[in-house]
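# Overview (structure and organization)
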Amino acid sequence: MNGAWAGWQWAGLVARLVAGGVWIAAGALKITEPDASIAAVRAYQLLPASTAEVVGLVLPAIELAVGLALVLGVLTRGAAVISAVLFGAFIVGIASVWARGIEIDCGCFGGGGAKAGATSDYPWEIARDAVLLVASCLVVWLRRTALALDSVLFPQAPPERAPEGAEI
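Residues numbered from 1 in each chain as written. Predicted model: local features only at pLDDT ≥ 70, side-chain atom pairs only at ≥ 80, totals over all residues. Heavy atoms only, no water.

## Regarding the side chain of Asp129
- Structurally, Asp129 is set in helix α5 (residues 122–142).
- Owing to a relative accessible area of 3%, Asp129 belongs among the buried residues under this scheme.
- Beyond its immediate chain neighbours, meaning those up to four positions away, Asp129 contacts Phe87, Phe90, Ile91 and Ile94. (Helix = DSSP H or I, 4+ residues; strand = E, 2+ residues; numbered from the N terminus. Buried < 20%, exposed > 50% of the residue type's maximum accessible area, 1.4 Å probe, protein only. Contact = heavy atoms within 4.5 Å.)

This is the structure we're talking about:
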């Protein structure tokens, strides 16, 4: 492994651990409060009530699963794709309430619902999620990162050699 590629592998590890840690924290803070999670999803006023309830119930478990997969480096690329999609959706959701003049706590780490003066938080929340989106995309792009269990569970086969005299 050359030095530049090794550097990318370690950068990928950091991206994986940061994004995974955020997902674990977010999911853990919400999973024991299903009513608050449902209220947070409803506050965005983007989904029908029945869909918002299902999303509010399921989202914390998905966040925990994605976070654990990223931190452990198991099924990393798939987890990073889901992570990127979720961060993209959260950016759209926050931008949507901002554009519509709705003031809510994002509910990212529990809580949620109406919050006076919340619009001043929206740029920071969008910036945070954009950085985490980029981190997730880096992990998707790299496919494998340092210290991932994927390397043990799914070892890559060495490239096949062409027979002598054959051109590639």
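## What to know about unusual backbone geometry
- Positive phi, normally seen in glycine, also occurs at Arg143, with a value near 70 degrees.
- With respect to the element layout, Arg143 can be found in the loop between α5 and α6 (150–153).
- With a phi close to 55 degrees, Leu147 is a non-glycine residue in the positive phi region.
- Under the relative-accessibility criterion, Leu147 is labelled exposed at 65%.

## A word on the state of the cysteines
- Evaluation of the coordinates by the stated rule reveals one disulfide.
- A sulfur-sulfur distance of 2.3 Å marks the disulfide that ties Cys106 to Cys108.
- According to the relative accessible area criterion, Cys108 is buried, its value standing at 12%.
- There is no disulfide at Cys137, and the cysteine sulfur nearest it, in Cys108, is 18 Å away.
- Since its relative accessible area comes to 39%, Cys137 is described here as partly exposed. (Disulfide = S-S within 2.5 Å.)

## Structural notes on the pattern of salt bridges
- According to the stated counting rule, one finds four salt bridges in the structure shown.
- The partner of Asp129 in a salt bridge is Arg128, with the nearest N and O atoms 3.1 Å apart.
- Overall, Arg128 belongs to the partly exposed group, its relative accessible area being 28%. (Salt bridge = Lys/Arg side-chain N within 4 Å of Asp/Glu carboxyl O.)

## Looking at a nonpolar patch on the surface
- There is a patch of nonpolar side chains on the surface, built from Leu68, Leu72, Leu75, Leu149, Val152, Leu153 and Phe154 and spanning about 680 Å² of accessible area.
- Put simply, the parts of the chain that give the nonpolar patch at least two residues each are α3 (49–72) and α6.
- Leu149 sits in the partly exposed class, given a relative accessible area of 38%. (Patch = residues over 30% accessible without salt bridge, like charges linked within 9 Å, V, L, I, M, F, W, Y side chains within 5 Å. Areas by Shrake-Rupley, 256 points an atom, 1.4 Å probe, with all protein chains shown as cover.)

## Focus: the nonpolar core
- Judged by nonpolar contacts, the single largest core of 17 residues is most densely connected at Ala15, Trp23, Val66, Leu70, Ala79 and Ala80.
- Those elements that provide at least two residues to this core are α1 (3–31), α3, α4 (76–99) and α5.
- Setting aside residues no more than four positions away along its own chain, Ala15 makes contact with Ala135, Leu138 and Val139.
- Ranked by size, the runner-up nonpolar core spans 12 residues in total, among them Ile91, Val97, Cys106 and Ile126. (Core = buried A, V, L, I, M, F, W, Y, C linked by side-chain atoms within 4.5 Å.)

## Some remarks on the confidence of the model for the protein
- Taken over all residues, the pLDDT of the protein has a mean of 92, while the share at 70 or more is 92%.
- Here strand β2 (residues 113–114) stands out as the least confident element of the protein, with mean pLDDT 88; α4 is the most confident, with 98. (pLDDT = per-residue confidence, 0-100.)

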